[in-house]
Amino acid sequence: MRVFINPGHHPGLDPGAVNRNYGVTEADIVRDVGVLVADYLTAAGCEVKTVQSNNLAGEDAAYTNVCLSANTWPADIFVSLHCNAATPAAQGTEVLVYSRWTQADMLASCIQRQIVGSLGTVDRGVKERPRLVVLNSTHMPAVLVEMGFITNDDDCQMLINQQDELARAIARGITDYITERGE
Ligand SMILES: [Zn+2]
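These numbers come from a predicted model, not from an experiment.

Draft legend 1. How the structure looks around the coordination of the zinc ion. Coordination sphere of the zinc ion, protein contribution only: His9 (NE2), Glu26 (OE) and His82 (ND1), at 2.0 to 2.1 Å. In primary sequence terms, the donor set of the zinc ion follows H-x16-E-x55-H. Of the two residues, His9 is situated in the loop between β1 (2-7) and β2 (18-19) and Glu26 in helix α1 (residues 26-43); the sequence distance between them amounts to 17 residues. For His9, a relative accessible area of 22% translates into the label partly exposed.

Right, here's the structure in full:
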């Protein structure tokens, strides 16, 4: 099973969302969690490729093209990692898919269940976001995990202090899906 991990944004080029009170950026958090997820999946017997790049689908030729790289490998599963941002009150975990009632939706539900179950984050569910390029330009079941809100105190502390639990939950969600799918 080939799992492609795409930590969102690009440290040094695109920080993504930022929490200045805690001095953290989304790009750094998802990079660190991505390394841990890759380690857990490798230990579980998956082949893993991780690409964090300013070039999602051809916008910045100086860097690796994320979707092309996943499609040509080819990956069996694509998982993008992000932190959400909104008003300070908004919190919780959600997983985004191109459309519901698909393999991606099943993968998303497995990851959502594991994160909410082990980190106790607010369950915002699985949502359709067909216009996201990493979801509509990849050829395999693809999900985008909004792990928590970097702009919320509780979530931000979780994103900083519980990266190992978070990574283990995401990896378990992926292996749950692989088991359910029967491969
Ligand atoms: Zn993001």
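Draft legend 2. Here's a closer look at the pattern of salt bridges. Across all of its chains, the model carries 8 salt bridges by this definition. Across the pair Arg2 and Glu47 runs a salt bridge whose closest N-O atoms are separated by 3.5 Å. In this pair, Arg2 sits in strand β1 while Glu47 sits in strand β4 (residues 47-50), placing the two residues 45 residues apart along the sequence. What makes Arg2 partly exposed here is its relative accessible area of 25%. The closest approach of N and O atoms between Arg168 and Asp164, which form a salt bridge, is 3.2 Å. Here Arg168 pairs with Asp164, and both are found in helix α6 (residues 163-181), just 4 residues apart, close to one helical turn. The exposure class of Arg168 is partly exposed, given its relative accessible area of 35%. Where salt bridges share partners, they join Asp28, Arg31 and Asp32 into one cluster.

What counts as what
Residues numbered from 1 in each chain as written. Predicted model: local features only at pLDDT ≥ 70, side-chain atom pairs only at ≥ 80, totals over all residues. Heavy atoms only, no water. Donors = N, O, S within 2.8 Å, 3.2 Å for Na, K, Ca; no water. Helix = DSSP H or I, 4+ residues; strand = E, 2+ residues; numbered from the N terminus. Buried < 20%, exposed > 50% of the residue type's maximum accessible area, 1.4 Å probe, protein only. Salt bridge = Lys/Arg side-chain N within 4 Å of Asp/Glu carboxyl O.

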